[in-house]
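# Chain and residue survey
Spelled out from the first residue to the last, the chains are:
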Amino acid sequence: RPAATMRRAPDRPAPPPASSGAPSFDWPIRGEILSDFGPKPNGRRNDGINIRASAGAQVRAAAPGQVVYAGDELPGYGQLILVRHENGFVTAYAHNRRLLVDEGRQVARGEVIAEAGASGSVESPQVHFEIRRGTRPENPMSYLR
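Reference entry: report on the structure contained in this document. Owing to the predicted nature of the structure, the values given are computational and were not obtained by experimental measurement.

### Observations concerning the overall build of the protein chain
- When you go through the protein chain residue by residue, the secondary structure sums to one helix and twelve strands.
- Starting at the N terminus, the α and β elements of the protein chain follow one another as α-β-β-β-β-β-β-β-β-β-β-β-β.
- A burial count over the protein chain gives 39% of its 145 residues as buried.
- Counting only contacts in the protein chain whose residues sit at least 6 apart along the sequence, the fraction spanning at least 24 positions is 59%.
- Roughly 8200 Å² of accessible area belongs to the protein chain as shown, and the carbon and sulfur atoms make up 49% of that amount.

This is the structure:
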């Protein structure tokens with residue numbers, strides 16, 4: 001039964017089942033993945049993905065939702081936006097050079113919310129993108145269309 005043992009490659013996680021209540025998410029920016037989700041050397045961990053960007057490139061909301069945080073108070077993230085979505089999901093967009101939305105604002109899928117930069121703990125322009133369900137980080141590659 002060789003067909004029964006075939007599995008999806010580990011670097012391509014299965015998308016969430018339709019019944020999971022997960023919204024679909026678009027890429028916040030197009031670019032090379034600099035760092036993927038999961039454990040890293042020296043016991044570190046990436047709770048999202050880091051995507052190479054040009055300084056000032058448009059960062060877009062991955063799904064409709066409400067901006068629940070826009071600022072730079074969280075160490076390491078630089079200029080950060082958090083957007084709350086349906087069914088307990090939150091997306092994070094970090095290392096921006098400029099934020100274009102304020103807390104409380106409703107954003108549409110694809111709306112420009114920031115300009116990419118190198119703020120926080122990074123040295124080159126990029127977008128750190130996270131998807132969380134509640135407080136638990138999820139692999140964005142499982143949700144991105």
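This is not the end of the story, as more comes after the structure.
### Focus: the pattern of salt bridges
- Within this structure, the stated rule accounts for eleven salt bridges.
- The partner of Arg97 in a salt bridge is Glu115, with the nearest N and O atoms 3.1 Å apart. With Arg97 in strand S8 (residues 89-99) and Glu115 in strand S10 (residues 112-116), this residue pair connects regions lying 18 residues apart in the sequence.
- Classification of Glu115 as buried rests on a relative accessible area of 16%.
- Beyond isolated ion pairs, a larger network of salt bridges with shared partners links Arg45, Asp47, Glu130 and Arg132.

### Structural notes on the side chain of His85
- Within the secondary structure layout, His85 lies in the loop between strand S7 (79-84) and S8.
- Look at His85 and you get buried, because its relative accessible area is 7%.
- Of the polar contacts made by the side chain of His85, one reaches the backbone oxygen of Pro64; its length is 2.8 Å.
- Discounting residues that sit within four places of it in the chain, His85 has contacts with Pro23, Phe25, Ala63, Pro64, Gly65, Val90, Thr91 and Tyr93.

### Details of a negative patch on the surface
- Judged by side-chain charge, Asp72, Glu73, Asp102 and Glu103 come together as a negatively charged surface patch.
- Secondary-structure assignment places Glu103 in the loop between S8 and strand S9 (106-107).

### Here we look at the environment of Pro125
- Summarising the element assignment, Pro125 is placed in the loop between S10 and strand S11 (126-133).
- Sequence spacing of Pro125 and Asn96 is 29 residues, and the spatial spacing of their C-alpha atoms is 8.1 Å.

The rules behind these values
- Counting starts from 1 at the beginning of each chain's written sequence and moves along it residue by residue.
- Owing to the predicted nature of the model, reporting of local features is limited to residues with pLDDT of at least 70; listing and counting of side-chain atom pairs is limited to 80 or more, with chain, interface and lining totals taken over all residues.
- Calculated side-chain values reflect all of the structure's heavy atoms, with hydrogen atoms and water omitted.
- The numbering of helices and of strands both runs from the N terminus, where a helix is a DSSP run of H or I of at least 4 residues and a strand a run of E of at least 2.
- Note on exposure labels: buried denotes an accessible area under 20% of the residue type's maximum, exposed denotes more than 50%, and partly exposed covers the range between, all computed with a 1.4 Å probe on protein chains only.
- Throughout, a contact is declared for two residues whenever any of their heavy atoms are within 4.5 Å.
- We get accessible surface area from the Shrake-Rupley algorithm with a probe of 1.4 Å; when it comes to residues, only the shown protein chains can shield them.
- Salt bridge, as applied in this entry: a Lys or Arg side-chain nitrogen positioned within 4 Å of an Asp or Glu carboxyl oxygen.
- By the criterion applied in these results, polar contacts are pairs of N or O atoms within 3.5 Å in which, for protein atoms, one can donate a hydrogen and the other can accept it, and in which residues neighboring in sequence qualify only through two side-chain atoms.
- Like charges within 9 Å and nonpolar side chains (Val, Leu, Ile, Met, Phe, Trp, Tyr) within 5 Å are joined into patches, using only residues over 30% in relative accessible area that form no salt bridge.
- Within this scheme the basic residues Lys and Arg register as positive and the acidic residues Asp and Glu register as negative, but His and the chain ends are omitted.
- Just so you know, the charge point we use is NZ for Lys, CZ for Arg, CG for Asp and CD for Glu.

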